[in-house]
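Spelled out, the chains give:
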Amino acid sequence: MVSQSIVEVSNNIVKKSTVDTHFDRGDVCFVIMAGALVSFMIPGLSFLYSGLARRKSALSLIWVVSASNAVGIFQWYFWGYSLSFSPTATNGFIGNFENFCLMKVLDGPSPGSSLIPALLYAFYQMECACVTVAILVGGIAERGRVLPTMVFTFLWLTLVYCPIACWAWNVNGWGNKFGVLDFAGGGPVEIGSGVGGLAFSWVLGPRQDKTLKNFRPHSVSMVNLGTFILWFGWLGFNAGGAYGANMRAIVAVWNSMLAAGFGGIVWCALDYRIQRKYSMVGLCSGIIVGLIAATSASGYIHPWAAVLMGMYTGVVCNLATRVKFYLGVDDSLDIFAQHGVGGIVGLLTNAFFASHSVITLDGVSTNKGGWVDRNWKQFYVQAAYIIAACSYTFVVTALLAHYINTVPGLHLRTTAEGEALGSDEVQIGEYANDYIELCRDVMEKNGVRTSQGESTTDTIQFIMPEPLAVADDRYRRPHYEKKGQRRGMHVEDVPHDIEKPLELVELRPGVARVSIIA
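I will try to describe carefully the structure that is included in this document. (Residues numbered from 1 in each chain as written. Predicted model: local features only at pLDDT ≥ 70, side-chain atom pairs only at ≥ 80, totals over all residues. Heavy atoms only, no water.)

1. Focus: the overall build of the protein
Scanning the protein from N- to C-terminus turns up 20 helices and five strands. Within the protein, the fraction of its 518 residues that count as buried is 57%. Long-range contacts, defined as pairs at least 24 residues apart, comprise 73% of the intrachain contacts of the protein with a sequence gap of at least 6. (Helix = DSSP H or I, 4+ residues; strand = E, 2+ residues; numbered from the N terminus. Buried < 20%, exposed > 50% of the residue type's maximum accessible area, 1.4 Å probe, protein only. Contact = heavy atoms within 4.5 Å.)

2. Remarks on the packing of aromatic side chains
As enumerated under the stated definition, the model contains 32 aromatic pairs in all. Here the aromatic rings of F78 and W79 are separated by 4.9 Å at their centres, their planes lie at 50°, and the arrangement is tilted. Look at F352 and W371: their rings are 4.7 Å apart centre to centre, the planes differ by 85°, and that puts the pair in the edge-to-face class. One end of the pair, F352, is in helix α15 (residues 335–353); the other, W371, is in the loop between α16 (356–359) and α17 (378–405), and 19 residues separate them in sequence. An aromatic cluster of at least three residues, connected via ring pairs, comprises W76, Y81, F85, Y121, Y124, Y161 and Y243. (Phe/Tyr/Trp six-rings, centres within 6.5 Å; stacked < 30°, edge-to-face > 60°.)

3. Things to note about the nonpolar core
Ranked by size, the top nonpolar core spans 116 residues in total, and within it Y49, W156, Y161 and F237 carry the most contacts. If we skip the residues at most four places from it in the chain, Y49 touches L61, V65, A134, I135, G138, L333 and I335. (Core = buried A, V, L, I, M, F, W, Y, C linked by side-chain atoms within 4.5 Å.)

4. Considering helix α5 (residues 118–136)
An ideal rise of 1.5 Å per residue puts 27 Å on 19 residues; α5 measures up with 27 Å between its terminal C-alpha atoms. Burial analysis of α5 places 17 of its 19 residues in the buried class, the great majority of the element. (Expected span 1.5 Å × (residues − 1).)

5. Topic: unusual backbone geometry
Of note, Y243 is a non-glycine position whose phi angle comes to about 55°, a positive value. Inspection of the secondary structure puts Y243 in the loop between α10 (220–239) and α11 (247–275). Notably, R374 is not glycine yet its phi reads approximately 65°, a positive angle. Mapped onto the elements, R374 comes out in the loop between α16 and α17.

6. Considering the pattern of salt bridges
This structure, assessed with the given rule, holds seven salt bridges. The salt bridge involving R248 is made with D362; its shortest N-O contact spans 3.0 Å. Taken together, the residues span a long stretch of sequence, with R248 in helix α11 and D362 in the loop between α16 and α17 at a distance of 114 residues. Connected through salt bridges with shared partners, the residues R54, E142, R207 and D330 form a single ionic network. (Salt bridge = Lys/Arg side-chain N within 4 Å of Asp/Glu carboxyl O.)

7. Quick look at the packing of helix α12 (residues 280–297) against helix α13 (residues 303–320)
The geometry of α12 relative to α13 is characterised by a closest axis approach of 9 Å and an angle of 120° between their N-to-C directions. Judged on the interaxial angle alone, α13 and α12 are oblique. Between α12 and α13 lies a crossing of right-handed hand. Together, V289, A293, A294 and A297 of α12 and M309, T313, G314 and C317 of α13 make up the contact between the two elements. A class-by-class count of the residues in the contact of α12 with α13 yields six nonpolar, two polar and no charged. (Axes fitted to C-alpha atoms, helices over the stretch in contact; angles between N-to-C directions. Parallel < 35°, antiparallel > 145°, perpendicular 65-115°, else oblique. Left-handed = near helix turned anticlockwise from the far one by under 90°. Nonpolar A, V, L, I, M, F, W, Y, C, P; charged D, E, K, R; others polar.)

8. A word on the side chain of D182
By the element assignment, D182 lies in the loop between α7 (174–178) and α8 (186–204). Of the side chains with opposite charge, R248 lies nearest to the buried D182, which makes no salt bridge, at 9.8 Å. Non-local contacts of D182, meaning those with residues more than four positions away in its chain, are made with A168, W169, G187, P188, S296, Y300, L347 and Y385. (Lys, Arg positive; Asp, Glu negative; His and termini not counted.)

Given below as structure tokens:
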């Protein structure tokens, strides 16, 4: 009996060592850490989007990014991985249900590298999918409903992200067979989120005109915090595309740092040329577009090419922020200008600067380079992939959003009153910052008396003793027909000598909700 147990234990040990020997444990550890870094990009996006929005909708953007991550995890486990990477699908467009609920995904070699298991590859790709949809949902900023957006999230991953991921990375994908060079997601991640965000914002419609006057980010410090959390996580995103602890991953990290740094410098310089101010939001935007371009190209090009890429990506994406005005689409967070255009620029960079000597540094890949290696046809390969990804993403995203919006109870847009009050109050019931009483801390101090009518901590009737003067022409000047007129007052009407920022939103004639940030 004892000898039989010893034999069974020995056989199990031998079996385990046999299973593990064809995987590189260093590569396995590296990809685990890379996936963990990618997951850390979710709070980075939350802080970035929240800081760029108004105070009254700041928490709703944190919520929708966080919730989309949960939906993405479920979708990827349920059928997302199978629709993207099932090896038995041969149509070249989308996978099948061979790996439904991760069936038959365990210790076999991964599609990306034979040195890591398929289950680990599925984890890393899941985090990339979650980040993609988290970028996309920023399109609801200040006017979208969060519950229908979660339904949209699940279906968008299924109908848009999975097919494009299959094109580029599935062993039988048409893009993969065609020779497309897309390192970590210029098509599925960047074009998917950027062009998809543009289509989503188009269907959703613009915010109310009065809310766009003098629009400013409510917390630039949160924008900076979110940017640097993203930068930290992005190193795992891009280096993880090498699927191992190898020289190609090191080159990808270096290229990501160089592109981000030079992109930030160029964007900030362009803004300074116009405004004569060193914009923090501009610096952060440039850093992000450099990282976006590096997503497509960091594992294909030499560091000197990454410097050039960061510089011209900063210029092109900065100019692309004007596209939304020509199109009449309220892309409130510039998702298309940064992610869509940045992804396109990165993919085109591969056509010119991709180098075979960099590609083969991982010891596994054998792709040809671009023009620097005299592979002239790579340009039209990349261009065809870009056109296909952009067209498919925009059309399917717009149709999907349109039809979801027609389902009773799943209207994507909030009401006009809900938009005026803010998504935090209407949908979340909580706030990103603590609000305190306006009468006690602002109105009495500045000589504003309340009326004897309806007055609570949330709704206060007030009478302005004198018309307010605004010192800077950049702000909207209030218009009062006569002294003592009772009306709503918005945050832009407040003089600069008031110490704390406040927000007043008119609920109905003569009654306003007034708040001040503690």
